[in-house]
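Secondary and tertiary structure notes
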Amino acid sequence: MEILTAQLEQWMRDYYFSTDIDIGSSGVENFSMAELRSLIGLDTATIDKVAFNDSPSCGADGLRRAIAERWGDGDPERVMATHGSSEIIFLVMHALLRRGDEVVVLDPCYHALRNIADSIGCELKHWKLRFEDNFVADIAAVKKLITPRTRMVVVNFPHNPTGATLTHEQLEELVDAVSAVQAYLVWDSAFAELTYDSEPLPDPSLVYNRCITLGTLSKGYGLAGLRVGWCFAEPGLLNQFVHLRDYTTLYLSPLVEVVAQQAIERADVLLRMRLDRARLNLSIVNKWLAYHKDDVRWVRPRGGVTIFPKLLRIDDVDQFCHRLAREYGAMVVPGSCFEQPWHIRLGFGGPTLELQDGLLRMSALLGAGAGERIAPPNYDSQPQIPAH
Ligand SMILES: Cc1ncc(COP(=O)(O)O)c(C=O)c1O
């Protein structure tokens, strides 16, 4: 199997650990164990009870139930818990796709959602989210791409990196189009509960039995390093994923499962804190972008904690991002990681002061590049930073 380099992961390896400021990641600030334990009421006695036994292939009963009750219809038999949603993406594609299958993918998109199908030898058809259209998803366009030959449609809304999403009506239209040809729908809902102007979308796997809905604790809940993701799908499909999992990670650690279960049972607490902050941060980004309107053009996100703006006066955006990291200590992600080299991915889910500092550093580099103004934007007043 030949698989393309995951450019985004390579970039993270280069700069995530070596810069002081992260304004490139797609998640929110992660919690420490101490913060998490106090927020979700996890006591050491519960942790001490964990025995390092094997765990079931689809996840411990309590964890599956917690996932099903929070995000599904309460039926744990439709849940498989995995090592991040990355693992389930890998299993789903290897279980269900074969060389020559036609697969519709979003463009741009998170690399795994496309590169794994590509490595299997599938024929990819690109459903483009265009900057010129304000990244508004065009359902008529995807309907044209879906044919009786389509084996799978892979989408992620709210979308990384653009922050685009669908309306309820658009989601229904998409499900109708996919079910009309009996293709699989992979619905990556990594950012499901991070929305700004609308309610989270419903889970399409509840109405379409060839839909696999993916979720993760990595994005909205500040638990990226816990490495817990899941999918909802028909038990028959889960069996096919388990068949492959027997050759990869087998199951999750029971320690991780205990922490994850309790975090999910109290997910509202975690989410509220991080979503409140994301809203505040977005208002700061908005001001910064207004100040830099001649340098940067953007589309306001409807969900997630990233935007995908275009740098208007920078000839080599990759070089700009390298300089920002090496000389100014701040990391954004170059759009080339999503094959759109005029853009950057800017993440606003982190601590507010870190975001402000990172934006000032970027202002300095933009000013240096343009040779004109270096003055940082003047935030009218210091924002109220939530206590948490
Ligand atoms: C859309 C999307 N899906 C899946 C993942 C994988 O996340 P994890 O394996 O941490 O759940 C990411 C990570 O950035 C993502 O952006």
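Please refer to the structure higher up on the page.
Residues numbered from 1 in each chain as written. Predicted model: local features only at pLDDT ≥ 70, side-chain atom pairs only at ≥ 80, totals over all residues. Heavy atoms only, no water.

Structural notes on the overall build of the chain
Check the secondary structure of the chain and you find 13 helices and 14 strands. Expected size for 388 residues packed as a compact globule is a radius of gyration near 21 Å; at 21 Å, the chain falls within 12% of this value. Seen through its principal axes, the chain has C-alpha atoms that stretch 60 × 55 × 40 Å. The proportion of buried residues among the 388 residues of the chain is 56%. Here the analysis covers contacts within the chain between residues at least 6 apart in sequence; of these, 74% occur between residues at least 24 apart. Split by element, the accessible area of the chain, about 16500 Å² in all, is 49% carbon and sulfur. Of the charged side chains in the chain, 38 are positive and 50 negative, and the gap between their average positions amounts to 2 Å. (Helix = DSSP H or I, 4+ residues; strand = E, 2+ residues; numbered from the N terminus. Rg over C-alpha atoms; globule rule 2.2 N^0.38 Å. Buried < 20%, exposed > 50% of the residue type's maximum accessible area, 1.4 Å probe, protein only. Contact = heavy atoms within 4.5 Å. Areas by Shrake-Rupley, 256 points an atom, 1.4 Å probe, with all protein chains shown as cover. Lys, Arg positive; Asp, Glu negative; His and termini not counted. Charge placed at Lys NZ, Arg CZ, Asp CG, Glu CD.)

Thoughts on the environment of Ala 81
Looking at the secondary structure, you find Ala 81 in strand β2 (residues 79-82). You can call Ala 81 buried: its relative accessible area is 0%. Note: C-alpha distance between Ala 81 and Cys 231 (150 residues apart in sequence) is 6.7 Å. Ignoring any residue separated from it by four or fewer positions in sequence, one finds Ala 81 in contact with Ser 57, Cys 58, Gly 59, Leu 63, Ile 67, Gly 229, Trp 230, Arg 245 and Leu 252.

Considerations on the site of the ligand
As a structural note, the neighbourhood of the ligand is formed by 14 residues, with Ser 86, Asp 188, Thr 216, Ser 218 and Lys 219 the closest of them. For the ligand, an oxygen atom lies 2.8 Å from a polar atom in the side chain of Asn 160. Within the complex, the protein chains bury 95% of what would otherwise be the 400 Å² of accessible surface of the ligand. One can see that the ligand is located within the largest pocket. At four residues, helix α5 (residues 84-96) tops the list of elements feeding residues into the shell around the ligand. A per-class count over the shell around the ligand returns three nonpolar, eight polar and three charged. (Near = heavy atom within 4 Å. Polar contact = N/O pair within 3.5 Å; in protein donor to acceptor, adjacent residues only side chain to side chain. 1 Å grid on protein atoms, 1.4 Å probe; cavity = no way out; pocket = protein on both sides within 12 Å on 5 of 7 lines; lining within 4 Å. Sits in = over half its atoms within 2 Å of the grid points. Nonpolar A, V, L, I, M, F, W, Y, C, P; charged D, E, K, R; others polar.)

Some points on the packing of aromatic side chains
A full pass over the atoms with the stated rule returns 10 aromatic pairs. Counting every residue linked through ring pairs, the aromatic cluster contains Phe 131, Phe 135, Phe 308 and Phe 338. The ring of Tyr 184 carries the charged tip of Arg 210 above its face, separated from the ring centre by 4.4 Å. Lying over the aromatic face of Phe 31, Arg 274 brings its terminal NZ or CZ to 3.9 Å of the ring centre. (Phe/Tyr/Trp six-rings, centres within 6.5 Å; stacked < 30°, edge-to-face > 60°. Lys NZ or Arg CZ within 6 Å of the ring centre and 35° of its normal.)

Considering the packing of α5 against helix α9 (residues 235-245)
One way to put it is that α5 packs onto α9 with a least axis distance of 9 Å and a crossing angle of 105°. Between α5 and α9, the angle falls in the class roughly perpendicular. Note on element contacts: α9 touches α5 through Leu 237, Gln 240, Phe 241, Leu 244 and Arg 245, opposite Glu 87, Ile 88, Leu 91, Val 92, His 94, Ala 95 and Leu 96. (Axes fitted to C-alpha atoms, helices over the stretch in contact; angles between N-to-C directions. Parallel < 35°, antiparallel > 145°, perpendicular 65-115°, else oblique.)

Details of empty space enclosed by the protein
One pass over the structure, following the stated rule, counts one cavity of 30 Å³ or more. Put simply, the largest cavity is a space of about 30 Å³. Lining the largest cavity, in full, are Pro 158, Thr 165, Leu 166, Ala 192, Thr 195, Ser 198, Glu 199 and Leu 201. When the residues that make up the lining of the largest cavity are grouped by side-chain class, the tally is four nonpolar, three polar and one charged. (Points joined across faces, edges and corners; volume = space filled by probe spheres on them.)

Focus on unusual backbone geometry
Between Asp 107 and the following residue, Pro 108, the backbone shows a cis peptide bond with an omega angle of 5°. Tracing the chain through its elements places Pro 108 in the loop between β3 (102-107) and α6 (112-120). A cis amide bond links Asn 160 to the next residue, Pro 161, at an omega of 15°. Look at Glu 339: it is not a glycine, yet its phi comes out positive at around 60°. Relative to the helices and strands, Glu 339 resides in the loop between β13 (333-334) and β14 (344-347). For Glu 339, a relative accessible area of 54% translates into the label exposed.

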